[in-house]
Amino acid sequence: MIEKVGIVGCGTMGAGVAEICAKAGLDVRVAVSSPMSAAAGRGRIARSLQRAADRGKLDAGEAARILGTVAFTDTLADLADRQLVIESVREDEKLKRQLFADLDLALTDPGTIIATNTSSLRVTPLAECTGRPDRVVGTHFFNPATVMPLVELVPADQAREDVITAVQELLTGPLGKQVIRSGDRAGFVVNALLVPYLVAAVRMVEQGRATAEDVDRGMRLGCSHPLGPIELIDMIGLDVIASVAESLDLEEPALLRDLINAGRLGVKTGAGFFDHPR
């Protein structure tokens, strides 16, 4: 049974995964690049727990207790005693490859499982950067990880079935997630279907065929989607959508790139296609 979890990175996704692991009573240690990153990551988790307390989903004292159980370090070697380490750095294949190689050296227990929270990159090439490719899987959590019920479980080609089972039991047991398995292909199941649709919506707005507001209203009211595609891009993050689109060899709309270059990445920065007061 997996009880000790390490997480590398504490941005939006890393913080969310750390929070749900801590809520589940797991021993959580987060590795970040600097004390400043640790403070920012702790702040993200604290704000999320405070929102849950404000909505009556958590007692304020329990929120403080959960936050206090999450440990931070700026040294990968401090994850050496973890049974599972989940990588959640930005969606950059070169960065992830180097991190996997560094993790393989830092994790002195050959039994430690390494997972990647990539939303689009193939898992097997990352596994091959380690000496334990049979113990590498993809665990694609969805944003926000504290709310979204789904995780895509994507084994590397060499992954052992007992490793896959151990991770799936953690996801569906203590973490309370629903799991679908995907073959190791770019975009897995959800993004391989979703992102071409989202890119088409951006292109429609870019070409002046409809406003962003009307595209969203059309899909909400005409197709019973809970969110329109432009709203959804803002929630996921424009930079994430651009990264997945690249992995899927989709031509990136200029409008999407212009907004990213302007620092409008969506809800997480307070502005994307729409403004989001923080």
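Values in this document were obtained by computation on a predicted structure and should not be read as measured data.

Rules of the game
Residues numbered from 1 in each chain as written. Predicted model: local features only at pLDDT ≥ 70, side-chain atom pairs only at ≥ 80, totals over all residues. Heavy atoms only, no water. Helix = DSSP H or I, 4+ residues; strand = E, 2+ residues; numbered from the N terminus. Rg over C-alpha atoms; globule rule 2.2 N^0.38 Å. Buried < 20%, exposed > 50% of the residue type's maximum accessible area, 1.4 Å probe, protein only. Pairing = 2+ DSSP bridges. Axes fitted to C-alpha atoms, helices over the stretch in contact; angles between N-to-C directions. Contact = heavy atoms within 4.5 Å. Expected span 1.5 Å × (residues − 1). Parallel < 35°, antiparallel > 145°, perpendicular 65-115°, else oblique. Left-handed = near helix turned anticlockwise from the far one by under 90°. Nonpolar A, V, L, I, M, F, W, Y, C, P; charged D, E, K, R; others polar. Patch = residues over 30% accessible without salt bridge, like charges linked within 9 Å, V, L, I, M, F, W, Y side chains within 5 Å. Areas by Shrake-Rupley, 256 points an atom, 1.4 Å probe, with all protein chains shown as cover. Salt bridge = Lys/Arg side-chain N within 4 Å of Asp/Glu carboxyl O. Lys, Arg positive; Asp, Glu negative; His and termini not counted. Charge placed at Lys NZ, Arg CZ, Asp CG, Glu CD. Core = buried A, V, L, I, M, F, W, Y, C linked by side-chain atoms within 4.5 Å.

A.B. asks: Provide a residue-level description of the overall build of the protein chain, including the pertinent values.
C.D. replies: Counting secondary structure elements, the protein chain contains eleven helices and eight strands. Whereas a compact globule of 278 residues would reach a radius of gyration of roughly 19 Å, the protein chain reaches 19 Å, a difference of no more than 12%. Referenced to the eigenvectors of the C-alpha coordinate spread, the extents of the protein chain come out at roughly 55 × 45 × 35 Å. In the protein chain, which comprises 278 residues, the proportion classed as buried is 49%.

A.B. asks: How would you sum up the sheet that holds strand β7 (residues 150–155)? Please name residues and give values.
C.D. replies: With respect to topology, eight strands assemble into an open sheet ordered β3-β2-β1-β4-β5-β6-β7-β8, the strand pairing being mixed. Unpaired on one side and paired on the other, β3 (70–73) and β8 (178–181) mark the two borders of the sheet. Along the sheet, successive strands turn relative to each other by an average axial angle of 25°, direction set aside. Sheet strands in contact with helix α6 (residues 161–172) are β4 (84–87), β5 (113–116), β6 (136–141), β7 and β8, and its direction is about 150° off that of β8.

A.B. asks: Explain helix α7 (residues 190–206) to me, using residue names and the numbers behind them.
C.D. replies: With 17 residues, α7 should reach 24 Å at 1.5 Å per residue; the first-to-last C-alpha distance of 24 Å fits that figure. All of the buried residues in α7 are N191, A192, L194, V195, L198, V199, A201, V202 and V205. Lining the buried residues of α7 we find β6, α8 (212–223), α9 (229–236), α10 (238–247) and α11 (254–261). The positive-phi residue at the C-terminal boundary of α7 is G208, with phi of around 75°.

A.B. asks: How would you summarise the packing of helix α1 (residues 12–23) against helix α2 (residues 35–54) if you had to cite specific residues and measurements?
C.D. replies: Packed helices, taken two at a time, are described by their axes: the angle between them and the distance between them. It is at 9 Å that the axes of α1 and α2 come closest, and there the two elements cross at 60°. In this view, α1 runs oblique relative to α2, as classed from their interaxial angle. You can see that α1 and α2 cross each other, and the crossing is right-handed. Here T12, A15, A18, E19 and K23 of α1 come into contact with α2, specifically with G41, R44, I45, S48 and L49. Of the residues contributing to the contact of α1 with α2, the split by class is four nonpolar, three polar and three charged.

A.B. asks: Give me the lowdown on a nonpolar patch on the surface, citing residues and values where you can.
C.D. replies: Side chains of I180, V189 and L193 sit close together on the surface and give an oily, nonpolar patch of about 250 Å² of accessible area. One can find I180 in strand β8.

A.B. asks: Outline the side chain of T124, listing residues and values.
C.D. replies: Along the chain, the position of T124 falls in helix α5 (residues 124–127). The exposure class of T124 is buried, given its relative accessible area of 4%. Setting aside anything within four residues of it in sequence, one finds T124 in contact with A156, D157, Q158 and D184.

A.B. asks: Hey, could you go over unusual backbone geometry for me, with residue numbers and the actual values?
C.D. replies: Cis rather than trans, the peptide bond between N143 and P144 has omega equal to 0°. Note on placement: P144 falls in the loop between β6 and β7.

A.B. asks: Residue-level account of a positive patch on the surface, with values.
C.D. replies: On the surface, R44, R47, R51, R55, K57 and R278 cluster together to form a positively charged patch. One can find R47 in helix α2.

A.B. asks: Describe the side chain of S119, listing the residues and the values that go with them.
C.D. replies: Tracing the backbone shows S119 in the loop between β5 and α5. Beyond its immediate chain neighbours, meaning those up to four positions away, S119 contacts E91, H140, G187, F188, N191, V240 and V244.

A.B. asks: Explain the nonpolar core to me, using residue names and the numbers behind them.
C.D. replies: Ranked by size, the top nonpolar core spans 42 residues in total, and within it V28, V30, I45 and F141 carry the most contacts. For this core, the element with the highest residue contribution is α1, accounting for seven residues. Other than its neighbours up to four places away in sequence, V30 contacts I7, G9, C10, A18, V70, A71, F72 and T73. One finds L198, V205, A212 and L238 within the second-largest nonpolar core, a separate group that totals 25 residues.

A.B. asks: Tell me about the environment of I260, and please be specific about residues and values.
C.D. replies: Checked against the element boundaries, I260 lands in helix α11. Relative accessible area serves as the criterion here: at 15%, I260 is assigned to the buried category. Considered as a pair, I260 and F273 are 13 residues apart in the sequence and their alpha carbons are 9.9 Å apart. If we skip the residues at most four places from it in the chain, I260 touches L238, D239, A242 and L265.

A.B. asks: Report on the packing of α7 against α9, specifying residues and quantitative values.
C.D. replies: Between α7 and α9, the shortest axis-to-axis distance is 9 Å and the interhelical angle comes to 115°. Compared by their axis directions, α7 and α9 come out roughly perpendicular. Along this stretch, α7 crosses α9, giving a crossing that reads as left-handed. Facing α7, whose interface residues are L194, Y197, L198, A201, V202 and V205, α9 presents P229, I230, L232, I233 and I236. Across the contact of α7 with α9, the residue classes break down as eleven nonpolar, no polar and no charged.

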